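As a plain string of letters, each chain reads:
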Amino acid sequence: MDDMEEVARVLRAAHAEGKGAVELASLSRETLGAGFGVISFIASFRISFKISLPVLQRAQAWEGFGWGGLQIPDEEFAAILSPWLARQ
């Protein structure tokens, strides 16, 4: 099992336990450690929840990641991802 498959397993299990978008993003960062970045965030959520690339490109601006540029707050981040997470 590669890293992204393991992260996907962890994220899906956490989602099944009721974790929301913000908690899942933090868990993704925590699970990947030094390997966490824009690409790994997008990959982990795409593999885990089949979220479309344009949605994840917008979500990667979440202020919790601290990547700079135009940032979105927790509420907007959750609103962007919640419809996709509800499908799971």
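Right above here is the structure, for reference.
Now for a look at the structure at hand. (Residues numbered from 1 in each chain as written. Predicted model: local features only at pLDDT ≥ 70, side-chain atom pairs only at ≥ 80, totals over all residues. Heavy atoms only, no water.)

1. What to know about the packing of helix α2 (residues 21–32) against helix α5 (residues 74–86)
A pair of packed helices can be characterised by two numbers: the angle between their axes and the separation between those axes.
For step 1, the next point in the chain: Viewed as axis vectors pointing N to C, α2 and α5 meet at an angle of 95°, and their least axial separation amounts to 8 Å. Our classification of the angle between α2 and α5 gives roughly perpendicular. Seen from α2, the contacting residues are A21, V22, L24 and A25; seen from α5, they are D74, F77, A78, L81 and L85.
For step 2, the next point in the chain: Class assignment for the residues of the contact of α2 with α5 results in eight nonpolar, no polar and one charged. (Axes fitted to C-alpha atoms, helices over the stretch in contact; angles between N-to-C directions. Helix = DSSP H or I, 4+ residues; strand = E, 2+ residues; numbered from the N terminus. Parallel < 35°, antiparallel > 145°, perpendicular 65-115°, else oblique. Contact = heavy atoms within 4.5 Å. Nonpolar A, V, L, I, M, F, W, Y, C, P; charged D, E, K, R; others polar.)

2. Re the pattern of salt bridges
Where charged atoms from two side chains of opposite charge approach closely, those side chains can pair.
For step 1, the next point in the chain: Tallied over the entire structure, the rule returns two salt bridges.
For step 2, the next point in the chain: Where E6 meets R9, a salt bridge forms, and the shortest distance between an N and an O atom there is 2.6 Å. In this pair, E6 and R9 both sit in helix α1 (residues 3–16), three residues apart, roughly one turn of the helix.
For step 3, the next point in the chain: The salt bridge partner of E76 is R58, with a shortest N-O separation of 2.6 Å. In this pair, E76 sits in helix α5 while R58 sits in helix α4 (residues 53–59), placing the two residues 18 residues apart along the sequence. (Salt bridge = Lys/Arg side-chain N within 4 Å of Asp/Glu carboxyl O.)

3. Looking at the environment of V7
For step 1, the next point in the chain: Tracing the backbone through its elements, the reader meets V7 in helix α1.
For step 2, the next point in the chain: By relative accessible area, V7 is classed as buried at 2%.
For step 3, the next point in the chain: If we skip the residues at most four places from it in the chain, V7 touches S28, T31, L32, S44 and S48. (Buried < 20%, exposed > 50% of the residue type's maximum accessible area, 1.4 Å probe, protein only.)

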